[in-house]
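Coordinate analysis (summary)
What follows is each chain in one-letter form.
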Amino acid sequence: MAGYDALCAKCRAMHGQMLKQNDYETLSKASTIEEAVQLLTRLPRYQEIFSKREPVFRRSAVEHLLHKQYFSMYEKLLIFSEGTQRTFFSYLMERHEIAYLIRAVHAVGQERSVRFSAVPEYMKARSKLNFAAFYEAETMGELIKGLAGTDYYDAALRFLSGPSAAFDLFENALYRDYYLRLYESGCDVLDPKSKKAVRALLEKQVEQINKQQAARIAEYQMEADASLLIPIHTKQNKAELEAIIRGERADNRLSADVEKRSFFALCQRTVFAGGNTMAVPYALLALGEAELKNLTYVIEGIRYQVGSGFIMEKVII
């Protein structure tokens, strides 16, 4: 489709530099975080961001740079996007906005500080939220007040007010509402072909998220029902989710891993053979996030010396 050629071509070029299985295997065998950083510096995708810095061998510093590299993907794709494409990117950024908001909420609830500098510059520049105020808030009331007029205010008022804040329910409500908003309002800004392609990816992604949530409800015997799930599913899929919640599925952990790998494979196919639609950058960003999580796990595994074999079992490729 006209208008997507350059954007999708850029996506495929960026995908070519993403890490392969042999890269993860090499990294997983590093004996120290310092050695892993040196290996990352030799890879084209991470050379620039690590080589420009003084040596960073602390886990938190390495993970900060990995997050910065991930958000740089948005910056690069925006150069090749326009109009409704940029509007859709803003919808995608909301999910990360929620993640950093939740960090601030937990910091206030646990009376500990979180550095505002941890919020990526990309988000500071484009978010509707005043993160500086959130990260300076000393009480939950101050934080809730700062959310007035946003999509998150009602949930904050409902779950964070009073003497006992329900952090898990607040987080669940935000993500539940977000995916529904993305599926409806976000996709509605796209042309019909892109809308259909993105929704197909979203449906698969939500199915994976819902199965994980259903398994969590069953494992911890939470007093909850399907109302905690994202309401994007077929009748057959809903019945399966309700069976998981009732504990009628014993393979929940294995199923979650299979679902993650299945969605990863779908995103791979979409980047290569998804035509020229908004589903291609959506899939690329999902793959980029998977890479971020993989590398975070690799760094953690090296830190705790769990061994290459154990690390590679958890890496999604």
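Below or above, wherever it landed, is the structure these notes cover. All values derive from a computational prediction rather than experimental measurement. Residue numbering note: each chain is counted from 1, following its sequence as written. Two thresholds apply to this predicted model, a pLDDT of at least 70 for residue-level local features and 80 or more for giving and counting side-chain atom pairs, whereas whole-chain, interface and lining totals are computed over all residues. No hydrogens and no water enter the side-chain calculation; it runs on all heavy atoms of the structure.

Focus on the side chain of Q85
Definition in use: Secondary structure follows DSSP: runs of H or I at least 4 residues long count as helices, runs of E at least 2 residues long count as strands, and numbering of each begins at the N terminus. Here, two residues are considered to be in contact whenever any of their heavy atoms come within 4.5 Å of each other.
Within the secondary structure, Q85 sits in helix 6 (residues 84-109). Those residues in contact with Q85, other than ones at most four positions away along the chain, are G3, Y4, L7, F80 and M278.

Notes on the pattern of salt bridges
Note the cut-off: In what follows, salt bridge is the name for a side-chain nitrogen of Lys or Arg lying within 4 Å of a carboxyl oxygen of Asp or Glu. Any residue under 20% of the maximum accessible area for its type is buried, any over 50% is exposed, and the rest in between are partly exposed; the area is computed with a 1.4 Å probe on protein chains only.
Under the definition given, this model contains 19 salt bridges. For the salt bridge of R45 with E291, the shortest nitrogen-to-oxygen distance reads 2.4 Å. Separated by 246 residues along the polypeptide, R45 in helix 4 (residues 44-51) and E291 in helix 15 (residues 279-303) bring together distant segments of the chain. E291 carries the same exposure label as R45, and that label is buried. A salt bridge links K204 to E259; the nearest nitrogen and oxygen atoms lie 3.9 Å apart.

Section: the packing of aromatic side chains
Applicable threshold: Stacked, tilted and edge-to-face pairs are distinguished by plane angle, under 30 degrees for stacked and over 60 for edge-to-face with tilted covering the rest, among Phe, Tyr and Trp rings (Trp via its six-membered ring) whose centres lie within 6.5 Å.
What the rule picks out here adds up to eight aromatic pairs. On the basis of an interplanar angle of 45 degrees and a centroid distance of 6.3 Å, the ring pair of F88 and Y282 is categorised as tilted. Here Y282 lies in helix 15 and F88 lies in helix 6, a separation of 194 residues in the sequence. For F88, a relative accessible area of 0% corresponds to the buried category. Taking the relative accessible area as the measure of exposure, Y282 reaches 7% and is therefore buried. Between the aromatic rings of Y178 and Y179, the centroid separation amounts to 5.1 Å while the plane-to-plane angle is 70 degrees, which identifies the pairing as edge-to-face.

Notes on the packing of helix 1 (residues 5-15) against helix 5 (residues 59-79)
Here is the rule we go by: In this analysis, axes come from line fits to C-alpha atoms, helices being fitted only over the stretch in contact, and the angle between any two N-to-C directions falls in the range 0 to 180 degrees. By definition, any crossing whose near helix is turned counterclockwise from its far helix by less than a right angle is left-handed, and any crossing with a clockwise turn is right-handed. In this classification, the charged set is Asp, Glu, Lys and Arg, the nonpolar set is Ala, Val, Leu, Ile, Met, Phe, Trp, Tyr, Cys and Pro, and all remaining amino acids, among them Gly, are polar.
The geometry of helix 1 relative to helix 5 is characterised by a closest axis approach of 9 Å and an angle of 145 degrees between their N-to-C directions. Judged by the sense of rotation from one axis to the other, the crossing of helix 1 with helix 5 is right-handed. Here L7, K10, C11 and M14 of helix 1 lie close against helix 5, whose contacting residues are M73, K76 and L77. The class makeup of the residues in the contact of helix 1 with helix 5 is five nonpolar, no polar and two charged.

Side note on the state of the cysteines
Rules: When two cysteine sulfur atoms are found within 2.5 Å, that pair is recorded as a disulfide.
In total, this model carries zero disulfides according to the counting rule given. Among the cysteines around C8, which has no disulfide bond, C11 carries the closest sulfur, lying 5.7 Å off. Not engaged in a disulfide, the cysteine C267 finds its nearest cysteine sulfur in C11; these two sulfurs lie 12 Å apart. Looking at C267, the relative accessible area reads 0%, which means it is buried.

Here's the deal with helix 12 (residues 192-219)
For clarity, the threshold we go by: The span one expects for a helix is its residue count, reduced by one, times 1.5 Å.
The end-to-end C-alpha separation of helix 12 is 40 Å, in line with the 40 Å expected for 28 residues at 1.5 Å each. Within two residues after helix 12, Q221 carries a phi angle of roughly 50 degrees, on the positive side.

Concerning the environment of E25
Tracing the sequence through the fold places E25 in helix 2 (residues 21-28). In the structure, E25 is positioned 86 residues away from E111 in sequence and 40 Å away in space, judged by C-alpha atoms.

Points about helix 1
Quick reminder of the rule: Note that the arc is computed from the directions linking the helix axis to the C-beta atoms.
Among all positions of helix 1, only L7, C8, C11, M14 and H15 are buried. Buried positions in helix 1, seen along its axis, are confined to an arc of 120 degrees and lie on one side of it.

Side note on a nonpolar patch on the surface
Applied cut-off: Candidates for patches are residues over 30% relative accessible area with no salt bridge; among them, like charges are joined within 9 Å and nonpolar side chains (Val, Leu, Ile, Met, Phe, Trp, Tyr) within 5 Å. Residue exposure ignores everything except the shown protein chains as possible cover, and the areas themselves are Shrake-Rupley values with a 1.4 Å probe.
Together, Y304, V306 and F310 line one region of the surface with nonpolar side chains, adding up to about 300 Å² of accessible area. For F310, the position within the fold is in helix 16 (residues 308-314). Using a relative accessible area of 41% as the deciding quantity, one classes F310 as partly exposed.

Some remarks on the side chain of R181
Its place among the elements puts R181 in helix 11 (residues 167-188). By relative accessible area, which is 17% here, R181 ends up buried.

A word on the packing of helix 10 (residues 153-160) against helix 11
A pair of packed helices is characterised by two quantities: the angle between their axes and the separation of those axes. Put simply, the test is: Convention used here: angles under 35 degrees read as roughly parallel, angles over 145 as roughly antiparallel, angles from 65 to 115 as roughly perpendicular, and any remaining angle as oblique.
Helix 11 packs onto helix 10 with a crossing angle of 160 degrees between their chain directions and a minimal axis gap of 9 Å. Classified by the interaxial angle, the pair formed by helix 10 and helix 11 is roughly antiparallel. In terms of crossing hand, the pair formed by helix 10 and helix 11 is right-handed. Where helix 10 approaches helix 11, its residues A155, A156, F159 and L160 are matched on the opposing element by F167, L169, F170, A173 and L174. Residue composition of the contact of helix 10 with helix 11, grouped by class: nine nonpolar, no polar and no charged.

Read these as geometric descriptors, not functional statements.
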